[in-house]
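Given next are the chains, with one letter for each unit.
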Amino acid sequence: MKLIRNGTLVYPDKSRTADLLIDGEKIAKIADRIEAPQGCEIIDASGKLVFPGFIDAHTHFDLHVAGTVTIDDFYSGTKAEAAGGTTTIVDFGTAYPGETLNEGLDNWFKKASVGCSCDYGFHQTITEWNDSISAQVQDMIDRGATTFKIYMTYDTQIDDCTILKVLQRLKECGTTTGCHCENSGLIDALREEYAADPEKLRTVSSHYLTRPAAAEAEAIGRYCHLAEVADEPVIDVHLTCEEGLQEIRAARARGQKVYVETCPQYLVMDDSFYEREGFEEASKYVCAPPLRKAADQDALWKALADGEIQTVSTDHCSFTTEQKRLGSEDFRKIPGGMPGAETRGVVLFSEGVAKGRITKEKMCEVLSENPARLYGMYPKKGVLLEGSDADIVILDPNKSKVVSAKTQVSACDYAPLEGMELTGTIDEVYLRGQKIAEDGKVILENQGQYVKRGLPGYFL
């Protein structure tokens, strides 16, 4: 047994100073004062915040993309997540064209077999549609991969006709899908224009200039209208801009259920990073959708505080500086994605809670309880309740740490927030009752288990 004493237990509605008793893998008791059972380990959390384990519902580990493979696989990626307070991830399994959904999910189980340091589940990406794929939607649900992903851009995109059919089928099955919303045709036209200029072809800033906020907003609006016709709740992943937020507000005004995710990079970085001197420095920040304006950051923080954004995930999709050089002569070939697993929680605390933009209760809501509810894991995950998994993060709000690639756990060779001092440190992380990380380092590896998720728990 373990007894966490005198900490401030954080919940979305309110926080309280209380003791928490862990027995095996579960939270056994929560009370103002608990007498320690004989032989119980006592953890003093005085002055510290005790959160439910964070859930990262948007990761890309061991993903083949852009002619290469993400540098973080499930082994290194989940270690980075655990170090940053994440106790459960949901990665995107992919059935590529020609594969069945079952084959795609089987492949992702194999990828995860290298060992995971936090619990894990899968969404399933749909890249084509036919009667067989439609039938296998229920197979995915039965196997615990209960939510899906579709793209409106990239070579994995599906067209509007197919999106509507997918949404109608998912409604029949009681589930939903996230969507990468960008207007592919608009982006392709701009990329063709920029690629025709030899200087622009080799300039990193061409990446964000050919993926404007309008491309994201238009696709969000179209996706929401398709969902309106299907009468289906939907999820917009990695929202970056106020223009896209306006489309979501319009859909909600029509009575639709639209759930929204954003990511730390869109809260603390802007498009000026693409103007940094030298290809190597600027290319680190290439991701899609790209970083936006400072005004968009302000809009996203306010939307978080107001409850318009439900979850904050990482979209952790890491490539080394050498891999980024694949696009040194053609900006279109720069692999898109950044690491962010181990800084997400502290970024939300430092730049959100400590600066008064959001409350610690809102941080708990968007990192823990909301993703647990939306992705079919509540109350097993995402909350400090008696009987829930003892997934626990102890955060010290009075300490700070400087971000450095030299000390990070991710296999990536750079840290996007290099040199930034963040307020708050993740002191201890418990996964189902076992301490797996301490002071930003994983001390117990490969304890992760597959989470067979239930259907979404809609709460809007």
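Residues numbered from 1 in each chain as written. Predicted model: local features only at pLDDT ≥ 70, side-chain atom pairs only at ≥ 80, totals over all residues. Heavy atoms only, no water.

A few points about the overall build of the chain
Item 1. Tallying secondary structure elements over the chain gives 15 helices and 19 strands in all.
Item 2. Overall size of the chain, expressed as C-alpha extent along the three principal axes, is 70 × 50 × 45 Å.
Item 3. Looking at the chain as a whole, 62% of its 460 residues are labelled buried.
Item 4. Partitioning the intrachain contacts of the chain with sequence separation of at least 6 by distance along the chain shows that 75% fall at a separation of at least 24.
Item 5. Of the accessible surface of the chain, which amounts to about 16500 Å², a share of 47% is contributed by carbon and sulfur atoms.
Item 6. The average position of the 50 basic charges and that of the 73 acidic charges among the side chains of the chain differ by 3 Å. (Helix = DSSP H or I, 4+ residues; strand = E, 2+ residues; numbered from the N terminus. Buried < 20%, exposed > 50% of the residue type's maximum accessible area, 1.4 Å probe, protein only. Contact = heavy atoms within 4.5 Å. Areas by Shrake-Rupley, 256 points an atom, 1.4 Å probe, with all protein chains shown as cover. Lys, Arg positive; Asp, Glu negative; His and termini not counted. Charge placed at Lys NZ, Arg CZ, Asp CG, Glu CD.)

Focus on the packing of aromatic side chains
Item 1. Scanning the model with the defined rule gives 14 aromatic pairs in all.
Item 2. Measuring from centroid to centroid gives 5.1 Å for F109 and F122, while their planes differ by 80°, and the two rings are edge-to-face. Within this pair, whereas F109 is found in helix 2 (residues 101-112), its partner F122 is found in strand 10 (residues 119-126), the two being separated by 13 residues in sequence.
Item 3. For F122, a relative accessible area of 0% corresponds to the buried category.
Item 4. The ring of F92 has K149 lying over it, and the distance from NZ or CZ to the ring centre is 4.0 Å.
Item 5. The lysine or arginine in question, K200, covers the ring of Y194, its NZ or CZ lying 4.6 Å from the ring centre. (Phe/Tyr/Trp six-rings, centres within 6.5 Å; stacked < 30°, edge-to-face > 60°. Lys NZ or Arg CZ within 6 Å of the ring centre and 35° of its normal.)

Some thoughts on the pattern of salt bridges
Item 1. A full pass over the atoms with the stated rule returns 35 salt bridges.
Item 2. As a salt-bridge pair, E281 and K284 come within 3.2 Å of each other at their nearest N and O atoms.
Item 3. Among the residues examined, K284 registers a relative accessible area of 14% and is labelled buried.
Item 4. With a closest N to O distance of 3.5 Å, K399 and D427 form a salt bridge. Pair noted here: K399 is in strand 16 (residues 392-402) and D427 is in strand 17 (residues 421-431), with a separation of 28 residues, a long-range link.
Item 5. With a relative accessible area of 36%, K399 lands in the partly exposed category. (Salt bridge = Lys/Arg side-chain N within 4 Å of Asp/Glu carboxyl O.)

Focus on the packing of helix 14 (residues 344-353) against helix 15 (residues 360-374)
Helix-helix packing: each pair is described by the crossing angle between the helix axes and the interaxial distance.
Item 1. Their axes nearest at 10 Å, the elements helix 14 and helix 15 cross at an angle of 150°. One element, helix 14, and the other, helix 15, form an angle in the roughly antiparallel class. As for the relative orientation of helix 14 and helix 15, their crossing is right-handed in sense. Contacts from R344, G345, L348, F349 and V353 of helix 14 reach helix 15 at K360, M363 and L367.
Item 2. Among the residues forming the contact of helix 14 with helix 15, the class breakdown is five nonpolar, one polar and two charged. (Axes fitted to C-alpha atoms, helices over the stretch in contact; angles between N-to-C directions. Parallel < 35°, antiparallel > 145°, perpendicular 65-115°, else oblique. Left-handed = near helix turned anticlockwise from the far one by under 90°. Nonpolar A, V, L, I, M, F, W, Y, C, P; charged D, E, K, R; others polar.)

So, helix 1 (residues 74-83)
The α-helix winds at 3.6 residues per turn, so residues separated by three or four positions along the chain end up facing the same way.
Item 1. The buried fraction of helix 1 amounts to nine of the 10 residues, a majority that puts the element mostly inside the structure.
Item 2. Once helix 1 finishes, G85 follows within two positions and takes phi at roughly 95°, a positive value.

Here we look at the layout of surface pockets
Item 1. The space that makes up the largest pocket amounts to roughly 850 Å³.
Item 2. Considering the residues around the largest pocket, the lining is formed by 38 residues, among which V65, A66, Y154, D155 and G336 are closest to the centre.
Item 3. When contributions to the lining of the largest pocket are tallied by element, the ones reaching two or more residues are strand 7 (64-65), strand 9 (86-95), strand 11 (148-151) and helix 5 (184-195).
Item 4. For the lining of the largest pocket, the element with the most residues is helix 5, which contributes four residues.
Item 5. Residues belonging to the lining of the largest pocket are distributed by class as follows: 16 nonpolar, 14 polar and eight charged.
Item 6. Where the lining of the second largest pocket is concerned, the elements lending two or more residues are helix 1, helix 10 (264-268), helix 14, strand 16 and strand 17. (1 Å grid on protein atoms, 1.4 Å probe; cavity = no way out; pocket = protein on both sides within 12 Å on 5 of 7 lines; lining within 4 Å. Points joined across faces, edges and corners; volume = space filled by probe spheres on them.)

Observations concerning empty space enclosed by the protein
Over the atoms, a rolled probe matching the size of one water molecule traces out where space is still vacant.
Item 1. One pass over the structure, following the stated rule, counts one cavity of 30 Å³ or more.
Item 2. Size it by volume and the largest cavity reaches roughly 40 Å³.
Item 3. What lines the largest cavity is A57, F92, H123, T147, F148, K149, G178, I235, V237 and Y375.
Item 4. Of the residues assigned to the lining of the largest cavity, the class counts are six nonpolar, three polar and one charged.

Describing the sheet that holds strand 10
Item 1. In spatial order, the strands read 6-9-10-11-12-13-14-15; together these eight strands make up an open sheet with parallel pairing. The open sheet terminates on both sides in strands that have one partner only, identified here as strand 6 (54-59) and strand 15 (311-312).
Item 2. Direction of pairing for strand 9 relative to strand 10: parallel, over a ladder of eight bridges. Residue pairing across strands places D91 opposite F122, the latter belonging to strand 10.
Item 3. Packing against the sheet, helix 1 makes contact with strand 6, strand 9 and strand 10, and its axis sits at approximately 145° to strand 9.
Item 4. Set on the sheet, helix 14 makes contact with strand 6, strand 9 and strand 15; between it and strand 6 the angle comes to about 115°. (Pairing = 2+ DSSP bridges.)

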